[in-house]
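Results of the structural survey
So you can see what is in the structure, the chains are spelled out below.
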Amino acid sequence: MSSAESSATETAIGNDITFPLDEFYRLARRPLPPIRQINGPDVPPPYQSLLVHERDMTSTLGQFHGDEIELKVLSLQNGDGAYYREVLLMAKRDQRPVEYGAIRICLEHFSAPARDAIVSASAPLGQLLHDHRIDYLSRPSGFLAIECDDYIGGLFGCTNRPVLYGRRNTLYDANSQLHLAEIVEILPLN
């Protein structure tokens, strides 16, 4: 996947904060919705407790919704020595989407069994990190206010165009400091 120029957003934030979301939008030939970067304290509740932390989203969302979290893959791409996937995380009982995510995973930094599990897309990355006992660091680099577009609105069942909130996060191996994944995570209205 080649680096793409970001679509216009409310503020000139570049793709450091929207990558890899901007790549999926570029490939689908959709304009990126208006996105502005905000500070953690400006993220409103309940989004703040769900986004402004250094934990993985899988366990955070599971605790918040009192349910197991499942993975639904929307699209997959390989390129730049990485594995990209666009996903919905779903509450298991009612199959309600609880997160839309765009992720770039650096497969070369995982053991063969973990790499196989990631590529099989049978579970969210946070669950796989736990299952394979991979100690990691979660480092959000920004919080986002996103004007819901027709695409994300359709995934979340939004009939209007609410402002949604998300974050740009990077996962690192806690022992080697190797870069494991870059993620844009967007939450629906609760």
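Remember, predicted model here, so these are calculated numbers, not experimental data. (Residues numbered from 1 in each chain as written. Predicted model: local features only at pLDDT ≥ 70, side-chain atom pairs only at ≥ 80, totals over all residues. Heavy atoms only, no water.)

All right, on to empty space enclosed by the protein then. For the structure shown, the criterion picks out 1 cavity of 30 Å³ or more. Volume-wise, the largest cavity comes out at about 180 Å³. What lines the largest cavity is a set of 19 residues, among which Glu 99, Ile 103, Leu 125, Ile 183 and Glu 185 lie closest to the centre. When contributions to the lining of the largest cavity are tallied by element, the ones reaching two or more residues are helix H4 (57-65), strand E3 (82-91), strand E4 (97-105), helix H6 (125-131), strand E6 (163-173) and strand E7 (179-187). Split into classes, the residues belonging to the lining of the largest cavity amount to 10 nonpolar, 4 polar and 5 charged. (1 Å grid on protein atoms, 1.4 Å probe; cavity = no way out; pocket = protein on both sides within 12 Å on 5 of 7 lines; lining within 4 Å. Points joined across faces, edges and corners; volume = space filled by probe spheres on them. Helix = DSSP H or I, 4+ residues; strand = E, 2+ residues; numbered from the N terminus. Nonpolar A, V, L, I, M, F, W, Y, C, P; charged D, E, K, R; others polar.)

The next subject is the sheet that holds strand E5 (residues 136-147). Strand order in this open sheet of 7 strands is E1-E5-E6-E7-E4-E3-E2, and the pairing throughout is antiparallel. Across the chains shown, the open sheet's two edge strands, defined by having one partner strand only, are strand E1 (35-38) and strand E2 (69-79). Here the strands of the sheet are splayed against their neighbours by 25° on average, with no regard to which way each runs. Here 8 bridges tie E6 to E7, and the two strands are oriented antiparallel to one another. The residue of E7 that forms the bridge with Gly 166 is Ile 186. Here H4 sits on the sheet and contacts E2, E3, E4, E6 and E7; the angle it forms with E4, its principal contact strand, is near 175°. (Pairing = 2+ DSSP bridges. Axes fitted to C-alpha atoms, helices over the stretch in contact; angles between N-to-C directions. Contact = heavy atoms within 4.5 Å.)

It is characteristic of soluble globular proteins that their nonpolar side chains tend to be buried jointly. Ranked by size, the top nonpolar core spans 58 residues in total, and within it Leu 21, Tyr 100, Ile 105 and Ile 186 carry the most contacts. The element best represented in this core is E3, accounting for 8 residues. When neighbours within four sequence positions are excluded, Leu 21 is seen to be in contact with Leu 32, Ile 35, Tyr 100, Ala 102, Val 184 and Ile 186. (Core = buried A, V, L, I, M, F, W, Y, C linked by side-chain atoms within 4.5 Å. Buried < 20%, exposed > 50% of the residue type's maximum accessible area, 1.4 Å probe, protein only.)

Our next topic: the confidence of the model for the protein chain. Regions with low pLDDT should not have their predicted coordinates read in detail. Looking at the protein chain as a whole, its pLDDT mean stands at 89, while 92% of the residues score no less than 70. Mean pLDDT per element in the protein chain: helix H1 (residues 14-18) is the minimum at 77, and E4 is the maximum at 97. Low confidence marks residues 1-14, where pLDDT is under 50. Its contacts with residues over four positions away, or in another chain, come to 35 contacts. (pLDDT = per-residue confidence, 0-100.)

Looking now at the environment of Gln 177. Along the chain, the position of Gln 177 falls in the loop between E6 and E7. Judged by relative accessible area, which is 46%, Gln 177 ranks as partly exposed. If we ignore the near neighbours within four places in the chain, the residues touching Gln 177 are Leu 137 and Tyr 172. Here the side chain of Gln 177 touches Ala 174 through a polar contact of 3.2 Å, landing on its backbone oxygen. (Polar contact = N/O pair within 3.5 Å; in protein donor to acceptor, adjacent residues only side chain to side chain.)

As a further point, take unusual backbone geometry. In this model, Phe 19 is joined to Pro 20 through a cis peptide bond whose omega is 10°. Positionally, Pro 20 belongs in the loop between H1 and helix H2 (21-27). With an omega of -5°, the peptide bond between Pro 45 and Pro 46 qualifies as cis.

What follows concerns the packing of aromatic side chains. If you walk through the whole model with that rule in mind, you get 4 aromatic pairs. Ring centres 6.2 Å apart and planes at 90° place the aromatic pair Phe 19 and Tyr 84 in the edge-to-face group. Separated by 65 residues along the polypeptide, Phe 19 in the loop between H1 and H2 and Tyr 84 in strand E3 bring together distant segments of the chain. An angle of 90° between the planes, with centres 6.0 Å apart, marks the rings of Tyr 25 and Tyr 151 as edge-to-face. Placement of Tyr 25 in helix H2 and of Tyr 151 in helix H7 (residues 150-156) is noted, with a sequence separation of 126 residues between them. Through pairs of rings, three or more aromatic residues link up here, namely Tyr 25, Tyr 100 and Tyr 151. If you follow Arg 30 out to its NZ or CZ, it ends over the ring of Tyr 25, 4.8 Å from the centre. (Phe/Tyr/Trp six-rings, centres within 6.5 Å; stacked < 30°, edge-to-face > 60°. Lys NZ or Arg CZ within 6 Å of the ring centre and 35° of its normal.)

So, about the state of the cysteines. This structure, assessed with the given rule, holds 0 disulfides. For the unlinked cysteine Cys 158, the closest cysteine sulfur is that of Cys 148, found at 4.3 Å. Residue classification places Cys 158 among the buried residues on the basis of a relative accessible area of 19%. (Disulfide = S-S within 2.5 Å.)

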